Amino acid sequence: MSLRNSSLRNSIRLIAALCFSLVAGAASAQSIEAQFRDWLAQDLWPEAQRRGISSATFNAAFASVSPNLKLPDLVMPGESKPRSDRQHQAEFRAPSAYFQHIGGVVSGGRSRAGQLSGVLSAIEKRYGVSRGIVLAIWGRESGFGRAKIPYDAFEVLGTKAFLATRREMFREEVLSALEMVERRGVSPRAMRSSWAGAMGQPQFMPSSYLKYAVDGDGNGTADIWKSEADTLASIANYLAQHGWVRGRDWGFEVTVPQSVSCALEGPDRGKRIADWQALGIRRVGGKAFPEHELRGEGYLMMPAGRFGPAFIVTPNFYRLKDYNESDLYALFVGHAGDRIMYGNSEFSGSWERVGGFDRGDVAAMQRELERLGYDVGGADGLVGFKTRRSIGEWQQKNGIAPTCFPAGDTIRRLR
């Protein structure tokens, strides 16, 4: 057999295999589409009907909607886990990376603070939330409404309720989305969302829209896609309904002497700010804590342990975490809000270079700490406050100067 004939036959086999793969893939997609349609009719519709959703609303919501198999975190029929574990959130990177684009939120917030002064004054009076905070969330979530929100919400929520790892959660959200159409008069095709189903300029899930979206411009509707006033009022209402404390700040950057353990971090280890001050903790730049804050409770927060800036935060910091549970998100919003309002400069403390590990490394370390009796808040690969202080406590017990953050040597010793 000649080399040329052999090469030709190999090429034919390759083309045939490719064609078979494409045909099989198309058949699989058709099968999933059929299963999706059956699920809508036999499973979701009966539940929607029990909740008072009309057939007209249901059919309009899912008209021309097919499962989007390109979304992350889907488990295909017959499989037991997602095909990709690629991370989609910035929180999985080194903490310093989270703040790279804060300047755009600050400059955008300052310009809009002037343009929307009347709206923001009314919101502050009604909800007690600083305009800087509201603007920072708006900028962080959707670039002040300029970010593309590319997905049809029913496509995303329907797909995830059918195929995602958290089906029950998304099932409730798609039913809430149907309630938005049925009871709040929202057009289904106007409901644009992110790949995770968060909608509009404040990035509300449908259940949050039903609870917290409000009419900020007085036209009788809560339009979080097109109305700036509705968006800002809805953000402020969300925080107020979660317990925002009127008149308190979110927190203060501080210096923490070595005599104060970084393992004292956490919302369950609060002290009066005056008591933290008595331990030697000071605001950066020689500033004094406001007199009224000294009497209130504060909490040590060190998102990178001894490798980054430190903060004494108030209960309002945790209201920002209600909006997004990441420590870094809440810190970004609080810091950006300060800079929008007061022209504050960047953090005084520096972020040191930490990294060289992935989420799997952190999860392995957490499992070992759990085996040793520490409460890390779950072996999820995320470096939350319970993981940080557990690292610090383990370091202290083993004669290591506590840093309260995973680094190469700590990860190696705890795997």
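See the structure printed just above.
The rules behind the values
- Residues numbered from 1 in each chain as written.
- Predicted model: local features only at pLDDT ≥ 70, side-chain atom pairs only at ≥ 80, totals over all residues.
- Heavy atoms only, no water.
- Disulfide = S-S within 2.5 Å.
- Helix = DSSP H or I, 4+ residues; strand = E, 2+ residues; numbered from the N terminus.
- Buried < 20%, exposed > 50% of the residue type's maximum accessible area, 1.4 Å probe, protein only.
- Axes fitted to C-alpha atoms, helices over the stretch in contact; angles between N-to-C directions.
- Parallel < 35°, antiparallel > 145°, perpendicular 65-115°, else oblique.
- Left-handed = near helix turned anticlockwise from the far one by under 90°.
- Contact = heavy atoms within 4.5 Å.
- Nonpolar A, V, L, I, M, F, W, Y, C, P; charged D, E, K, R; others polar.
- Pairing = 2+ DSSP bridges.
- Core = buried A, V, L, I, M, F, W, Y, C linked by side-chain atoms within 4.5 Å.
- Polar contact = N/O pair within 3.5 Å; in protein donor to acceptor, adjacent residues only side chain to side chain.
- Salt bridge = Lys/Arg side-chain N within 4 Å of Asp/Glu carboxyl O.
- Phe/Tyr/Trp six-rings, centres within 6.5 Å; stacked < 30°, edge-to-face > 60°.
- Lys NZ or Arg CZ within 6 Å of the ring centre and 35° of its normal.

## Describing the state of the cysteines
Consideration 1: All chains considered together, the criterion is met by 1 disulfide.
Consideration 2: Between the sulfur atoms of Cys262 and its disulfide partner Cys404 the distance amounts to 2.1 Å. Judged by the torsion about the S-S bond (80 degrees), the Cys262/Cys404 disulfide is right-handed. Taken as a pair, Cys262 in the loop between β3 (251–255) and β4 (271–272) and Cys404 in the loop between α15 (385–397) and α16 (408–414) lie far apart in primary sequence, 142 residues in all.
Consideration 3: The class of Cys262 is buried, set by a relative accessible area of 1%.

## With respect to the packing of helix α5 (residues 131–142) against helix α9 (residues 228–241)
Consideration 1: Taken N-terminus to C-terminus, the directions of α5 and α9 make an angle of 110 degrees; their axes are 10 Å apart at the nearest point. The angle between α5 and α9 falls in the class roughly perpendicular. In the packing of α5 onto α9, the handedness of the crossing is right-handed. Residues Ile133, Val134, Leu135, Ile137 and Trp138 of α5 form the contact with α9, whose participating residues are Glu228, Thr231, Leu232, Ile235, Ala236 and Leu239.
Consideration 2: By residue class, the composition of the contact of α5 with α9 is 9 nonpolar, 1 polar and 1 charged.

## Notes on the sheet that holds strand β6 (residues 297–301)
Consideration 1: Strand order across the open sheet formed by 5 strands is β4-β6-β7-β3-β5, with antiparallel pairing between neighbours. Only two strands of the sheet have a single partner each, and these edge strands are β4 and β5 (282–283).
Consideration 2: Direction of pairing for β3 relative to β5: antiparallel, over a ladder of 2 bridges. When the bridges of β5 are listed, Thr255 appears paired with Arg282.

## Brief notes about unusual backbone geometry
Consideration 1: Located in the positive-phi region is Asp73, a residue other than glycine, with phi close to 65 degrees.
Consideration 2: Following the sequence through the fold, Asp73 ends up in the loop between α2 (55–62) and α3 (102–115).
Consideration 3: Classification of Asp73 as partly exposed rests on a relative accessible area of 30%.
Consideration 4: The backbone of Gln203 shows a phi angle near 55 degrees, a positive value even though the residue is not glycine.
Consideration 5: Relative to the assigned elements, Gln203 resides in the loop between β2 (192–193) and α8 (206–212).
Consideration 6: Taking the relative accessible area as the measure of exposure, Gln203 reaches 18% and is therefore buried.

## Overview of the nonpolar core
Consideration 1: Residues Phe62, Phe154 and Met191 are the most contacted members of the largest nonpolar core, which totals 85 residues.
Consideration 2: What Met191 contacts, discounting residues up to four positions off in sequence, is Tyr151, Asp152, Ala153, Phe154, Ala177, Met180, Val181, Val186, Met199 and Trp225.
Consideration 3: Counting residues in each nonpolar core, the second largest holds 16 residues, with Val254, Cys262, Ile273 and Leu300 among its members.

## What about the pairing of strand β7 (residues 310–313)?
Consideration 1: Going residue by residue along β7, you find Ala310 and Ile312 tucked away on one face and Phe311 and Val313 tucked away on the opposite face as well.
Consideration 2: Inspection of the sheet shows β3 paired to β7 by 4 bridges, in the antiparallel sense. Across the sheet, residue Glu253 finds its bridge partner in β7, namely Phe311.
Consideration 3: Note that β6 and β7 share 3 bridges and pair antiparallel. Note that in β7 the partner of Leu300 across the bridge is Ile312.

## As for the side chain of Arg388
Consideration 1: Tracing the backbone through its elements, the reader meets Arg388 in helix α15.
Consideration 2: Since its relative accessible area comes to 1%, Arg388 is described here as buried.
Consideration 3: One polar contact links the side chain of Arg388 to the main-chain carbonyl oxygen of Val383, over a distance of 2.8 Å.
Consideration 4: Leave out the neighbours within four places in its chain, and Arg388 touches Glu265, Met301, Met302, Pro303, Gly305, Asp327, Val383, Cys404 and Phe405.

## What about the pattern of salt bridges?
Consideration 1: For the structure shown, the criterion picks out 18 salt bridges.
Consideration 2: A salt bridge links Arg183 to Glu179, with the shortest nitrogen-to-oxygen separation between them at 3.3 Å. With Arg183 and Glu179 both in helix α7 (residues 167–184) and 4 residues apart, the pair spans about one turn of that helix.
Consideration 3: Taking the shortest distance from any N to any O, the salt bridge between Asp375 and Lys386 comes out at 3.5 Å. In this pair, Asp375 sits in the loop between α14 (359–371) and α15 while Lys386 sits in helix α15, placing the two residues 11 residues apart along the sequence.
Consideration 4: Looking at Asp375, the relative accessible area reads 46%, which means it is partly exposed.
Consideration 5: Each of Glu47, Arg50, Arg51 and Glu172 takes part in one network of salt bridges that share partners.

## With respect to the packing of aromatic side chains
Consideration 1: Considering all chains together, one arrives at 26 aromatic pairs under this definition.
Consideration 2: Summarising the aromatic geometry, the rings of Phe62 and Phe154 are spaced 5.5 Å apart at their centres and angled 70 degrees between planes, so their arrangement reads as edge-to-face. A residue pair is termed long-range when its members are at least 10 positions apart, and Phe62 in helix α2 and Phe154 in helix α6 (residues 153–163) qualify at 92 residues. Each member of the pair, Phe62 as well as Phe154, is classed as buried.
Consideration 3: Consider the rings of Trp250 and Phe311, whose centres lie 6.2 Å apart with planes at 45 degrees: the pair is tilted. Here Trp250 is found in the loop between α9 and β3, whereas its partner Phe311 is found in strand β7, with 61 residues between them in sequence.
Consideration 4: Every member of this aromatic cluster is reached through a ring pair, and the members are Tyr98, Phe99, Trp250, Tyr299, Phe311, Phe317, Tyr318, Phe332, Phe347 and Trp351.
Consideration 5: Against the face of Phe332 rests Arg140, its NZ or CZ located 4.7 Å from the ring centre.
Consideration 6: Against the face of Trp276 rests Lys271, its NZ or CZ located 5.4 Å from the ring centre.

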